[in-house]
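Here are the chains, one letter per residue:
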Amino acid sequence: MKIEVNTHSKNMLRMAREHPEIVVMSADLGTSCEIKEFHEQYPERYFSLGIAEQNMCSWAAGLAREGFRPFIHTFAVFLYRRILDQLEMSVAYPNLPVVFMGFVPGITTPGGVTHQSTNDVGVLRTVPNLAIFDIGDATEIDGVLDMAYNYNGPVYIRMLRKEVPRLFPSSEPMQFNRARVLSEGSDITLLSSSICTEEAMRATAVLKEKGVSVQHLHVSTLKPFTDPQVAEACQKAAIMYAGEIVEYGTAEHIFHHTSHPYTEGLFGSIPNLNRKVDRLTPIPGLAPDPAALPKGCKFAPRCKYACEACSAGEIPVVEVESGHLVKCIRHASPGKEGGR
């Protein structure tokens, strides 16, 4: 696996050569956001607004109205938490082509809690007209600026910086609202994005050695989230995993009952998840054999399988300890309503 350095800087310079209307804006983080070289080569198209992100967003809206294509650069946390009002009212509402380059997204920042953008996707999915792209490797950095430019509207990009691996062939750029199919399988459906994809690829290889087939999709467009490949993949497997959430059950249950700040509302946007199954099929090497469970285990009929007695008629989400179920999202104990 090849490691690329300062990939965004090189692509920002390329975009500047191809599109003279592009301007770059910084909130006093030029070096940290890989636009120092842009400043050196195109000083007349570089605007440093200082630590005043709200003002920078308003400037960008005005420049966009005059025909420029602003690319705002700062840390991700400052592009949705601090400037949400300006982003919504000055940029998204009039549907202006402003690109928000959010660096060190999620918990990739070394700056601690104050710099962690752990709920950016959940917040920004509610903003009208705004597209959200999540970068997974250097190849996607190569292509995301073109995709954002061609979107011709407001875009938020969860950008990686400095040393970034090249996981995907450089000849296969990212596509708008189109996931990458990294492996085919029917035991587990795995959806990943950003830096989680590299780890997920390693996990998929280990599972394959154990005889578990994984349908692994790398998702880089988080809004819109209407890629039919995702719905099709979720119909295939008994176990689905997305982001930091592990849930066992039907596709319908997972996509309409998941609640997490990173993905809030994300899965509910997938149409046509009408699959119903009666029980979860045990996966070799992962699910326990009922015959091997402790004698007299009152949960034995339901361990890592469907809840036959579930009054809601749906497969529960379970937590398993020492080979048998210890908690159910539908029932605190057999036959009683409960919760987590």
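Whatever comes next refers back to the structure up there.
Keep in mind it's a predicted model, so treat the numbers as computed, not measured.

The rules behind each value
Residues numbered from 1 in each chain as written. Predicted model: local features only at pLDDT ≥ 70, side-chain atom pairs only at ≥ 80, totals over all residues. Heavy atoms only, no water. Axes fitted to C-alpha atoms, helices over the stretch in contact; angles between N-to-C directions. Helix = DSSP H or I, 4+ residues; strand = E, 2+ residues; numbered from the N terminus. Parallel < 35°, antiparallel > 145°, perpendicular 65-115°, else oblique. Contact = heavy atoms within 4.5 Å. Nonpolar A, V, L, I, M, F, W, Y, C, P; charged D, E, K, R; others polar. Phe/Tyr/Trp six-rings, centres within 6.5 Å; stacked < 30°, edge-to-face > 60°. Buried < 20%, exposed > 50% of the residue type's maximum accessible area, 1.4 Å probe, protein only.

K.L.:
I'd like to hear about the packing of helix H3 (residues 53-65) against helix H4 (residues 84-92), residue by residue, with values.
P.N.:
One way to put it is that H3 packs onto H4 with a least axis distance of 9 Å and a crossing angle of 5°. As the angle between them shows, H3 and H4 are arranged roughly parallel. Contacts between H3 and H4 pair Gln54, Cys57, Ser58 and Ala61 from the former with Gln86, Leu87, Ser90 and Val91 from the latter. Here the residues of the contact of H3 with H4 are counted per class, giving 4 nonpolar, 4 polar and no charged.

K.L.:
How would you sum up the packing of aromatic side chains? Please name residues and give values.
P.N.:
Counted according to the given criterion, the structure contains 5 aromatic pairs. Ring centres of Phe47 and Trp59 lie 6.5 Å apart, and the angle between their planes is 55°; on these two criteria the pair is classed as tilted. Note that Phe47 is positioned in strand E3 (residues 46-48) and Trp59 in helix H3, a separation of 12 residues in sequence. Classification of Phe47 by relative accessible area gives partly exposed; the value is 25%. We classify Trp59 as partly exposed; its relative accessible area is 42%. For the pair Phe133 and Phe176, a centre-to-centre distance of 6.0 Å together with 85° between the ring planes defines the contact as edge-to-face. Of the two residues, Phe133 sits in strand E6 (residues 131-134) while Phe176 sits in the loop between strand E8 (163-166) and strand E9 (180-183), which places them 43 residues apart along the sequence. One aromatic cluster is present, formed by Phe133, Tyr151 and Phe176 through successive ring pairs.

K.L.:
Please set out unusual backbone geometry residue by residue, giving values where relevant.
P.N.:
Residue Pro224 is bonded to the preceding Lys223 through a cis peptide linkage, with omega at 0°. If you trace the backbone, Pro224 turns up in the loop between strand E12 (221-223) and helix H8 (228-236). Backbone geometry places Asp28, a non-glycine residue, at a positive phi of 65°. On the secondary structure map, Asp28 appears in the loop between strand E2 (22-26) and helix H2 (36-41).

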